[in-house]
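Here's the letter readout for the chains.
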Amino acid sequence: MQDAVLAMLAKEPSHGYDLRARLRRSLGPLGESMNPGQIYVTLTRLEKAGLVVCERAEGLPERPERKVYALTPAGQQRVAAWLAEVGWPKPDLAEFHLKLVTASAARLADPVELVAAQRRELLRHLREAQRAALAEPAGSAAGLLLEGVVLRLQADLRWLAACERAWSEGDDRV
């Protein structure tokens, strides 16, 4: 979540309430369970780490001053590193989805290129897992585990294909 918040701040400085609303919209139904305080805890941690700075912004008459957060140069570097990162397994598909959404919204990277980089990495892992599975005796416990790895990689590749189709078509819903 920290990286997604940083990437959202790469587009423009923002306050916590707005960041939370953007995250919830980006995640759709998955965002409904987001704890309202989670964004503020995340922003505090990012500030302590020197990745964001906080300034007071004058509020509307009916609202007190709000804290507006902006990226530091170190925060900008971390966003760039996060966008360039590829790997597997990704424990949370929502994180990769947020990477695509924030990269597109802030014009930090082309989502289709991010999908392609992730696909290359998954294909490399798939080839390795398939070779290892072929080397195992039929019915072995290790062979069963490797079959599960292959199936998961294939499912992830199908999902990446769906992501690529959606982003290539310029679907405004993603």
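The rules behind each value
- What you see as residue numbers is a count from 1 along each chain, following the sequence as written.
- Owing to the predicted nature of the model, reporting of local features is limited to residues with pLDDT of at least 70; listing and counting of side-chain atom pairs is limited to 80 or more, with chain, interface and lining totals taken over all residues.
- Think of the side-chain values as coming from all heavy atoms in the structure, minus any hydrogens and water.
- We count a stretch as a helix when DSSP gives it H or I for four or more residues in a row; a strand needs E for two or more, and each element gets its number in order from the N terminus.
- When a residue's accessible area, from a 1.4 Å probe over protein chains only, is under 20% of the maximum for its type it is buried; when over 50% it is exposed; and in between it is partly exposed.
- Distance and chemistry together define a polar contact, namely a pair of N or O atoms within 3.5 Å, with one atom able to donate a hydrogen and the other to accept it when in protein, and with adjacent residues in sequence counting only for side-chain atoms on both sides.
- Expected span of a helix, by definition, is 1.5 Å for each gap between consecutive residues, and there is one gap fewer than residues.
- It only takes one pair of heavy atoms within 4.5 Å for two residues to be counted as in contact.

### As for the side chain of S140
Line of reasoning, step 1. Along the polypeptide, S140 turns up in the loop between α6 (111–135) and α7 (141–168).
Line of reasoning, step 2. By relative accessible area, which is 18% here, S140 ends up buried.
Line of reasoning, step 3. For S140, the side chain forms a polar contact with the main-chain nitrogen of G143, separated by 2.9 Å.

### Some details on α7
Line of reasoning, step 1. The terminal C-alpha atoms of α7 lie 41 Å apart, and with 28 residues this matches the ideal 40 Å at 1.5 Å per residue to within 8%.
Line of reasoning, step 2. Turning to α7, its buried residues are G143, L146, V150, L153, D156, L157, L160, C163, A166 and W167.
Line of reasoning, step 3. On the buried face of α7, the contacting elements are α5 (93–105) and α6.
Line of reasoning, step 4. Of the residues trailing α7, G170 is marked for its positive phi of about 65 degrees.

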